[in-house]
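# A structural walkthrough
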Amino acid sequence: MGSEQRPGLGWHLWEALAGRVPVIGVAKSRFHGTPGETEVFRGTSRSPLFVTSVGLPLEEAKGDIRGMAGAHRIPTLLKEVDRLSRSG
C-alpha cells in the first residue's frame, strides 16, 4: 500500500490467494502516494523502480528485486513477463 494506505492490485491478488503467497509489485513509475522508501536502483540506472510488497517485509522484497538477473534497470525475467503479457 502507498502512504495513503489504499490497497492496490497486489493487495487484491494477495487477498485472492488467501494470504498464502507473498506478492511483490514492481513499477517503472511512481504512483500517487507511493512512499520514497519503495525506490530501488539497479545497474547504472539513475531512474528507480518502485517496489511494494504484501506478505513479506519491504526490505526483503527490494533485495529480491535487486538480486534478480539482468544488468539493467528492469530485471530480465520481468522484462520477459512484460513482453509476453503484451503479445496477446
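Just above sits the structure.
Let us look at the structure shown here. Residue numbers here run from 1 along each chain, matching the order of that chain's written sequence. A pLDDT threshold of at least 70 governs which residues receive local features in this predicted model, and a stricter bar of 80 or more applies before side-chain atom pairs are shown or counted, although totals over entire chains, interfaces and linings include all residues. To get the side-chain values, take all heavy atoms of the structure and skip hydrogens and water.

## Describing the pattern of salt bridges
What counts, and what does not: Put simply, a salt bridge is a Lys or Arg side-chain nitrogen that is within 4 Å of an Asp or Glu carboxyl oxygen. Segments assigned H or I by DSSP are reported as helices when at least four residues long, segments assigned E as strands when at least two residues long, and all are numbered from the N terminus. A simple rule labels every residue: compare its accessible area, found with a 1.4 Å probe on the protein chains alone, to the largest value its type can have, and call it buried under 20%, exposed over 50%, or partly exposed in between.
Considering all chains together, one arrives at four salt bridges under this definition. Among the ionic pairs, Lys 62 bridges to Glu 59, the shortest N-O distance being 3.4 Å. A residue pair is termed a helical-turn pair when its members lie 3 or 4 positions apart in one helix, as Lys 62 and Glu 59 do in helix 2 (residues 58-66) at three residues. For Lys 62, a relative accessible area of 7% corresponds to the buried category. Relative accessible area serves as the criterion here: at 51%, Glu 59 is assigned to the exposed category. One salt bridge in this structure joins Glu 80 and Arg 83, with 2.5 Å as the shortest N-O distance. Within this pair, Glu 80 and its partner Arg 83 are both found in helix 3 (residues 76-86), separated by three residues, close to a single helical turn. Among the residues examined, Glu 80 registers a relative accessible area of 33% and is labelled partly exposed.

## Section: the packing of aromatic side chains
Rules: Note on aromatic pairs: the rings of Phe, Tyr and Trp (six-membered ring only in Trp) are paired at centre separations within 6.5 Å, and the planes decide the class, stacked below 30 degrees, edge-to-face beyond 60, tilted for the rest.
Counted according to the given criterion, the structure contains one aromatic pair. Measuring from ring centre to ring centre gives 5.1 Å for Trp 11 and Trp 14, while their planes differ by 50 degrees; the resulting arrangement is tilted. Of this pair, Trp 11 and Trp 14 both sit in helix 1 (residues 9-16), three residues apart, which is roughly one turn of the helix. Taking relative accessible area as the criterion, Trp 11 reaches 24% and is therefore assigned partly exposed.

## Things to note about the sheet that holds strand 2 (residues 39-40)
This is how the line gets drawn: Any two strands between which DSSP finds at least two bridges are classified as paired. We call two residues in contact when some of their heavy atoms are within 4.5 Å. Interaxial angles span 0 to 180 degrees and are taken between N-to-C directions of axes, which are lines fitted to C-alpha atoms, for helices over the stretch in contact.
If you trace the three strands from one edge of the open sheet to the other, you get 1-3-2, paired in antiparallel fashion. Strand pairing shows two members of the sheet lacking a second neighbour, strand 1 (23-27) and strand 2, which therefore form its edges. When strand 2 meets strand 3 (residues 49-54), the two strands line up antiparallel, connected through two bridges. Bridge pairing in strand 3 links Val 40 to Leu 49. Lying on the sheet, helix 2 is in contact with strand 1, strand 2 and strand 3; it crosses strand 3 at an angle near 130 degrees.

Distances and angles like these do not, on their own, reveal function.
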